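Results of the structural survey
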Amino acid sequence: AQKITQTQPGMFVQEKEAVTLDCTYDTSDQSYGLFWYKQPSSGEMIFLIYQGSYDEQNATEGRYSLNFQKARKSANLVISASQLGDSAMYFCAMRGGYQKVTFGIGTKLQVIP
Amino acid sequence: DTEVTQTPKHLVMGMTNKKSLKCEQHMGHRAMYWYKQKAKKPPELMFVYSYEKLSINESVPSRFSPECPNSSLLNLHLHALQPEDSALYLCASSQIQLSGANVLTFGAGSRLTVL
């Protein structure tokens, strides 16, 4: 069984500041993948960043970086230079075996001008 | 073409109706997914098709019937639904690679209201 935990129901960040969204996970799989998705109020799920369990380097995609600490089973998302358009729900997700992708409960991020 | 297209965007149906949600992708992905998302909740996996065969059914009630006619199309047939089935239904697709990221690409969703 796999489990994703996001403990921050809501976060505020000042525009242009950096923010870290927390995610911890639990799995018995040796090989797994971790994802972050953004869901604006319009409803579409937008892929942000991916980290494989065997990747030695932390993933980065533009203003997004993933702070992967395998021993602590954490995969925190860091958004640098926040923009107003970053206001959305953010979901951490994990893929274990058999194509099954499980989502955490999400964190609502609000960027303040 | 990097889109997953879902139709209809909105659907209102009575409890005795039969309707279908449709999903199409042309990215050559061989896995397709149905998720259900209630308001302020995360997406919940319903079904996964791999190579056009049903590989995961998360104990979904039989009033939801998935179908994968070919590698590009995924349907969700709805019959005798309950008001609590009202939700956003998200379709997604991904590659199937042993050591790849297999990122899910989502459609915009079909918002279903059951009266």
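Preceding block: the structure.
First, a word on scope: everything that follows refers to the structure included in this document. Predicted, not measured: the structure shown is a model, and the values here were computed from it.

Rules and cut-offs
The numbering scheme is per chain: residues are counted from 1 as the chain's sequence reads. Just so you know, chain letters begin at A and ligand numbers begin at 1, following the order they were written in. Side-chain atom pairs in this predicted model are given and counted only at pLDDT of 80 or more, local residue features only at pLDDT of at least 70, and totals for whole chains, interfaces and linings cover all residues. Side-chain measures here rest on the full set of heavy atoms in the structure, leaving out hydrogens and waters. Here, residues are in contact when the closest pair of their heavy atoms is within 4.5 Å. Note on terms: buried area is the combined drop in 1.4 Å-probe accessible area of two parts once they are placed together, counting the loss on both. Salt bridges are defined by distance alone: a side-chain nitrogen of Lys or Arg within 4 Å of a carboxyl oxygen of Asp or Glu. Think of a polar contact as two N or O atoms within 3.5 Å of one another; within protein, one of them needs to be a possible hydrogen donor and the other a possible acceptor, and neighboring residues in sequence only count if both atoms come from side chains. We count a stretch as a helix when DSSP gives it H or I for four or more residues in a row; a strand needs E for two or more, and each element gets its number in order from the N terminus. Here, a strand pair is defined by DSSP locating no fewer than two bridges between the strands. Lines fitted to C-alpha atoms define the axes, with helix axes restricted to the stretch in contact, and inter-axis angles between N-to-C directions lie between 0 and 180 degrees.

Quick look at the interface of chain B and chain A now. The interface is formed by 24 residues belonging to chain B together with 17 residues belonging to chain A. Summed over both partners, the interface of chain B with chain A comes to about 1,600 Å²; 58% of that surface belongs to carbon and sulfur atoms. On inspection of chain B and its partner chain A, the count reaches one salt bridge. In this structure, the salt-bridge partner of Glu58 of chain B is Lys100 of chain A, at a minimum N-O distance of 3.0 Å. At the junction of chain B with chain A, the criterion picks out six residue pairs in polar contact (both at pLDDT 80 or more). Of all the secondary structure elements, the ones that give two or more residues to the side of chain B that touches chain A are strand S4 (31–37), strand S5 (44–50) and strand S9 (87–94) of chain B. The biggest single contributor to the side of chain B that touches chain A is S4 of chain B, with four residues.

Here we take up the sheet that holds strand S8 (residues 73–79) of chain B. Residues and elements named next belong to chain B. Taken in spatial order, the four strands line up as S1-S3-S8-S7 in an open sheet, and their pairing is antiparallel. Either end of the sheet is taken by a strand with one partner, and the two such strands are strand S1 (4–7) and strand S7 (64–70). On average, each strand axis in the sheet is inclined to that of its neighbour by 20°, with strand direction left out of account. As paired strands, S7 and S8 are joined by five bridges and run antiparallel to one another. Within S8, the residue paired with Glu67 across the bridge is Asn75.

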